[in-house]
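Letter by letter, the chains look like this.
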Amino acid sequence: MGILTVFLDKATNLKDTDIIGKSDPYIILSLEQDNYFKDKDYGYARSTTKRDELNPVYHETFHFNVPTLKNMVLTVKVVDEDIMSDDKMGNCKIKLGALELDSSPMKVTKKVYNRMFGKDSYVHLKLSYSEEGDHHQHGRPSTSGNPVAMAGLSQQLGQIQQQMANLSPARVPVPMVPTVETFASLSSPPPAPYVPHQPAYQRPPQQPSPYQAHQGVGNCSGASHGPYNPHGGHQPPQQSASPGYPVYPPSTKPHISGYPPQGYGQW
């Protein structure tokens with residue numbers, strides 16, 4: 001992979017396309033490989049705009065990464081910048097394969113507009129081409145005998161110096177140094193969350209069950225209605241042979257075999 005360096009010097013005798021005032025020209029550089037079946041694009045670049053100038057001086061450098069210069073064509077277009085639409089002021093094509101470029105800049109002057117009466121318009125360039133090995137020696141680009149490369153490095157160095165100047169000591173953040181108090185505060189447990197006081201649970205007073213009320217348990221009057229008969233309801237007890245043990249009538253429910261057991265109903 002090689003690098004094509006284009007140094008845009010100036011343009012002369014450009015035609016004036018504006019009715020009021022002069023043109024505002026800028027230049028577009030496009031690089032493509034002219035193949036038999038399909039052309040391949042290798043990028044484009046645009047210069048700055050020069051206001052009210054028919055002989056603009058640019059002094060701008062552009063770089064293109066290309067594998068080879070074979071069938072490479074550099075197209076130069078001069079355009080007038082307007083508010084509504086830009087106007088074409090001229091163009092030309094440069095076949096790079098026929099120039100036999102190397103690392104030394106070569107001056108190239110091409111006509112971009114042909115006038116029938118008056119001077120023609122020209123664009124002035126300096127072209128150079130170098131392989132990848134020529135640009136990287138010990139990790140640094142080679143600038144020996146190449147003023148274009150020197151200008152590019154000077155521009156990059158100026159940008160780096162400007163960035164370093166912006167990093168004033170006031171803008172550099174100071175890192176925090178941990179202290180013993182910092183670790184002590186981290187080791188102590190966090191305070192417990194606040195919980196409002198709630199009264200202790202008190203069990204509501206127990207109400208007597210129907211059975212206890214029947215037996216007189218919990219009855220304020222203290223009256224007793226006798227033992228509970230699950231089958232006979234509240235039937236008056238009968239006198240039994242044994243004193244102190246009342247006998248209840250037999251159950252009114254239908255008899256089931258084995259139920260009730262023998263002697264059921266007697267206390």
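Definitions and limits used
Residues numbered from 1 in each chain as written. Predicted model: local features only at pLDDT ≥ 70, side-chain atom pairs only at ≥ 80, totals over all residues. Heavy atoms only, no water. Helix = DSSP H or I, 4+ residues; strand = E, 2+ residues; numbered from the N terminus. Buried < 20%, exposed > 50% of the residue type's maximum accessible area, 1.4 Å probe, protein only. pLDDT = per-residue confidence, 0-100. Contact = heavy atoms within 4.5 Å. Pairing = 2+ DSSP bridges. Axes fitted to C-alpha atoms, helices over the stretch in contact; angles between N-to-C directions. Phe/Tyr/Trp six-rings, centres within 6.5 Å; stacked < 30°, edge-to-face > 60°. Lys NZ or Arg CZ within 6 Å of the ring centre and 35° of its normal. Salt bridge = Lys/Arg side-chain N within 4 Å of Asp/Glu carboxyl O.

Novice: An account of unusual backbone geometry is needed here, citing residue identities and associated values.
Specialist: Phi angles above zero are rare outside glycine, and H59 is one such case at about 55°. Looking at where H59 falls in the secondary structure, it is placed in strand β4 (residues 57-66). Phi angles above zero are rare outside glycine, and N71 is one such case at about 60°. Residue position: N71 is located in the loop between β4 and β5 (72-80).

Novice: Would you mind going over the environment of K70 in detail, with residue names and values included?
Specialist: Within the secondary structure, K70 is located in the loop between β4 and β5. Judged by relative accessible area, K70 falls into the exposed class, the value being 59%. Residues K70 and N35, 35 residues apart in the sequence, show an inter-C-alpha distance of 9.6 Å.

Novice: Can you lay out the confidence of the model for the protein for me, pointing to particular residues and giving the numbers?
Specialist: Put simply, the protein has an average pLDDT of 74, and 57% of its residues get 70 or more. In the predicted structure, residues 136-146 sits below a pLDDT of 50 and forms 14 contacts with residues beyond four places in sequence or in another chain. Below pLDDT 50 for its whole length, residues 217-225 participates in six contacts with residues either more than four positions away or in separate chains.

Novice: Before we move on, could you go through the sheet that holds β5 and cite the residues and values that matter?
Specialist: Pairing is antiparallel across the open sheet formed by four strands, whose spatial order is β3-β2-β5-β6. A single partner strand is all that each edge strand has here, and the edge strands are β3 (40-46) and β6 (87-95). Taken pair by pair, the neighbouring strands of this sheet meet at an average axis angle of 15°, ignoring direction. Pairing of strand β2 (residues 25-33) with β3 involves five bridges; the strand directions are antiparallel.

Novice: Would you mind going over the packing of aromatic side chains in detail, with residue names and values included?
Specialist: Per the stated rule, a full pass over the model turns up zero aromatic pairs. For the cation-ring pair, R46 lies above Y26, with the distance from its terminal atom to the ring centre recorded as 3.7 Å.

Novice: Got a sec to walk through the pattern of salt bridges? Specific residues and values, please.
Specialist: All chains considered together, the criterion is met by four salt bridges. Between K111 and D120 there is a salt bridge; the shortest N-O distance is 3.1 Å. Relative accessible area serves as the criterion here: at 37%, K111 is assigned to the partly exposed category. Look at D120 and you get buried, because its relative accessible area is 14%. What you see here is one network of salt bridges that share partners, running through D24, R46, R51 and E81.

Novice: Can you explain the sheet that holds strand β1 (residues 2-12)? Please cite residues and give values.
Specialist: Taken together, four strands build an open sheet; the order of strands is β4-β1-β8-β7 and the sheet is antiparallel. The outermost strands of the open sheet, each flanked by one partner alone, are β4 and β7 (106-113). The average angle at which neighbouring strand axes cross in this sheet is 25°, direction not considered.

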